[in-house]
Structure formats: C-alpha cells, structure tokens
Amino acid sequence: MNTESNETRAKKFGMVIDLDKCTGCGSCMVACSAENNIPVRKDESDKLLSITWIRVYRITNGKDFPDTEICYFPRPCQHCGGKHDDGHSPCVSVCPATATDYDHSTGIVSQIYTRCFGCRYCMAACPYHARYFNWWDPVWPAKLEESLSPDVSPRMRGVVEKCSFCFHRYQLARDKAYQEERDVEEMEYQTACTQACPSGAITFGDLNNPDHAVYTLKKDKRAFRLLERLHTNPKVYYLSEREWVRRAGDNYLSNEEPTGAPGAYELKGKGGH
C-alpha cells in the first residue's frame, strides 16, 4: 500500500488500451455518444462532418495474404501534457479564447464551449485529429431528447468539441467522496468507453497512483504512445505484443530504427519526413 496521501498527490487520469484485445466492435464509440449527448446526423456518409469523440481505426501490416495482420486502434483525445508535462498541450497553446485548458489537478484537457468562437486553431494544432467542429445545431429525433444525459450540455453549432474523459463522472464521484471525507476510489470514476468495452481492452485510472491498474500497465514492455517523437506527452498508452503495431504508433519510415529512447528513431540512409 502506498504511504503517500492521495490528498497530496497530484492526479493524472489516463488510459491504457490493449490493442491485442480490441476487436474493433465499436462499443466504445456507441457508449461515448450516448453518454456525452453526441448527435447523429441523418446522413453520416461524410465522415469529415460527423462527430465522434472516440474513433476506432483499422491498420494493417501492409503484407499480402496469408501474412496479413490487422489491428484496431481506438483513438480518444490524448489529453496531452506538453513537452515538459507542464500543461502546454498543442491545442491549449494556440487557443486565443482560452476555451480549452489544462487542469493540473487532474491532467485533463477541458473544452469550454461557451468561450469557443470556432476559429478551429485547436483542430489544426492537434496531431491526433481528436477535435471536431459543430457545423449544425444538434437535432434529436422525436422524444430522444428525453433520454439525454442531464450531466452533459449539448453543444451549439460553431464550436469545437472533444473527449473529456467523462469528466462529469469525476465531478459526481468527487462530490460524493468529499461529503464522506475520503478520496475517490479507482472504480468510482470510470469512463463510458471503459465500462462498455466487451473485451476489457480499455483500462482507466490515475497514472500517478500506484494502487491503480494503469500505473503498472503504463510501464509494461509492450506499452507505447502515439507520435511520441512530437513530445506531446499523451495520457493514453497502448499495449501490443506486435512490433509492427508499436512502431506504427510513431509513424516511422521504413529506413528508421529505434535508438532506445521512447519515441526516438534514427534515420538510416537517405529519406526524410
């Protein structure tokens, strides 16, 4: 048991996603949409205009059958901490309206919709394409608005939105824990996608708390983060036994080799990005 008080330790909530367990079913996307009042347009064929706070991608090793391998990649907002993990996330640094902010007490990058005026600088700055612009006011089919979550405000057109790690759930759990004069337990604050995943591929918790599962999983030898060479310090870690999956996470070139440091590659021969 860790002797350091949970009250004095800074929290840093994050995820560990086991890609070898993910089946690409999309349950995380459905749960996220239902939990966070994400509207569905009548025509969802244009994915450039659709909104989903977590998207599941499919990647392959590029080999022909029978050597083809497929990996499914859930990608929520990475809640970057910046190069020195000091809160200078790519999106936070460019927002002129301070509509997005880094919470040093939780490590979560927030989005304040009433401040956003839709310049979309944050979308251009985000290397993970995790932000979405509202082109239309949400339209709900008959009586569907009665099933919306009262803890999450629907967003108007003209603003940017993104994954919040279901922060409203943390607020509810924190208020209850405060009334009972204790700290929030690990399973009291879990994201919708974590709970909905049928294969248990997503683990959520405090990356700074040794008592949480994510604290150990992030140190696993299979662990990596997306585009580590950019030094964004994301709080979403991925696990995979497959070397080609781990290397694909940093979008390396075929003539680059790892140098030993996480996310660091050395260019062999000619070529460049």
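A brief report on the enclosed structure follows. Remember, it's a predicted structure, so these values are computed and weren't measured experimentally. (Residues numbered from 1 in each chain as written. Predicted model: local features only at pLDDT ≥ 70, side-chain atom pairs only at ≥ 80, totals over all residues. Heavy atoms only, no water.)

Bringing helix H4 (residues 167-179) into the picture now. Given 3.6 residues per helical turn, the α-helix brings residues three or four places apart onto the same face. The end-to-end C-alpha distance of H4, which contains 13 residues, comes to 19 Å, matching closely the 18 Å that a straight helix rising 1.5 Å per residue would cover. In the core, the buried residues of H4 are packed alongside strand E1 (13-18), helix H1 (27-35), strand E4 (100-103), strand E5 (108-111) and helix H5 (192-196). Glu181 sits one or two positions beyond H4 and adopts a positive phi of about 55°. (Helix = DSSP H or I, 4+ residues; strand = E, 2+ residues; numbered from the N terminus. Expected span 1.5 Å × (residues − 1). Contact = heavy atoms within 4.5 Å.)

All right, on to the nonpolar core then. Within the largest apolar cluster, 42 residues are counted, with the highest numbers of intra-cluster contacts made by Met15, Leu19, Phe73, Phe165, Tyr189 and Tyr238. Elements with a contribution of two residues or more to this core: E1, H1, strand E3 (70-75), H4, strand E8 (202-206), strand E10 (236-239) and helix H7 (243-248). When sequence neighbours within four positions are dropped, the list of residues in contact with Leu19 reads Cys71, Tyr72, Phe73, Pro74, Phe224, Tyr238, Leu239, Ser240, Arg242 and Val245. Counting residues in hydrophobic clusters, the runner-up holds 12 residues, among them Cys91, Ala99, Cys122 and Phe133. (Core = buried A, V, L, I, M, F, W, Y, C linked by side-chain atoms within 4.5 Å. Buried < 20%, exposed > 50% of the residue type's maximum accessible area, 1.4 Å probe, protein only.)

Bringing the side chain of Arg75 into the picture now. Mapped onto the elements, Arg75 comes out in strand E3. Despite its burial, Arg75 pairs with no opposite charge; the closest candidate is Glu161, at 11 Å N-O. Separated by 3.0 Å, the side chain of Arg75 and the backbone oxygen of His129 make a polar contact. Setting aside anything within four residues of it in sequence, one finds Arg75 in contact with Thr52, Trp53, Ile54, Arg55, Tyr57, Tyr128, His129, Ala130, Tyr132, Leu226 and Tyr238. (Lys, Arg positive; Asp, Glu negative; His and termini not counted. Salt bridge = Lys/Arg side-chain N within 4 Å of Asp/Glu carboxyl O. Polar contact = N/O pair within 3.5 Å; in protein donor to acceptor, adjacent residues only side chain to side chain.)

If you check which residues of H1 are buried, you get Cys28, Ala31, Cys32 and Glu35. Summarising the axial view, the buried residues of H1 lie within an arc of 100°, below the 170-degree limit, and thus occupy one face. Those residues of H1 that are exposed and aimed more than 90 degrees away from the buried face are Val30 and Ala34. Elements in contact with the buried residues of H1: strand E2 (55-60), H4, H5 and E8. Within two residues after H1, Asn37 carries a phi angle of roughly 55°, on the positive side. (Arc of directions from axis to C-beta.)

Okay, the side chain of Asp183 next. Mapped onto the elements, Asp183 comes out in the loop between H4 and H5. Looking at Asp183, its side chain comes within polar contact range of the side chain of Lys11, at 3.4 Å.

On to unusual backbone geometry. With an omega of 10°, the peptide bond running from Phe65 to Pro66 counts as cis. We note that Lys143 has phi near 70°; this positive angle belongs to a residue other than glycine. Secondary-structure assignment places Lys143 in the loop between strand E6 (131-133) and strand E7 (160-162).

All told, the structure shown has 13 salt bridges when counted by the stated rule. Of the charged contacts in the structure, one is a salt bridge between Asp137 and Arg157, with a shortest N-O distance of 2.5 Å. In this pair, Asp137 is assigned in the loop between E6 and E7 and Arg157 in the loop between E6 and E7, connecting sequence segments 20 residues apart. For the salt bridge of Asp250 with Arg229, the shortest nitrogen-to-oxygen distance reads 3.6 Å. Note that Asp250 is positioned in the loop between H7 and strand E11 (256-258) and Arg229 in the loop between strand E9 (223-224) and E10, a separation of 21 residues in sequence. By relative accessible area, which is 3% here, Asp250 ends up buried.

Taken in spatial order, the 4 strands line up as E8-E1-E10-E9 in an open sheet, and their pairing is mixed. Two strands lie at the open edges of the sheet, namely E8 and E9, each paired on one side alone. Inspection of the sheet shows E9 paired to E10 by 2 bridges, in the antiparallel sense. Pairing of Phe224 across the sheet is with Tyr238, part of E10. (Pairing = 2+ DSSP bridges.)

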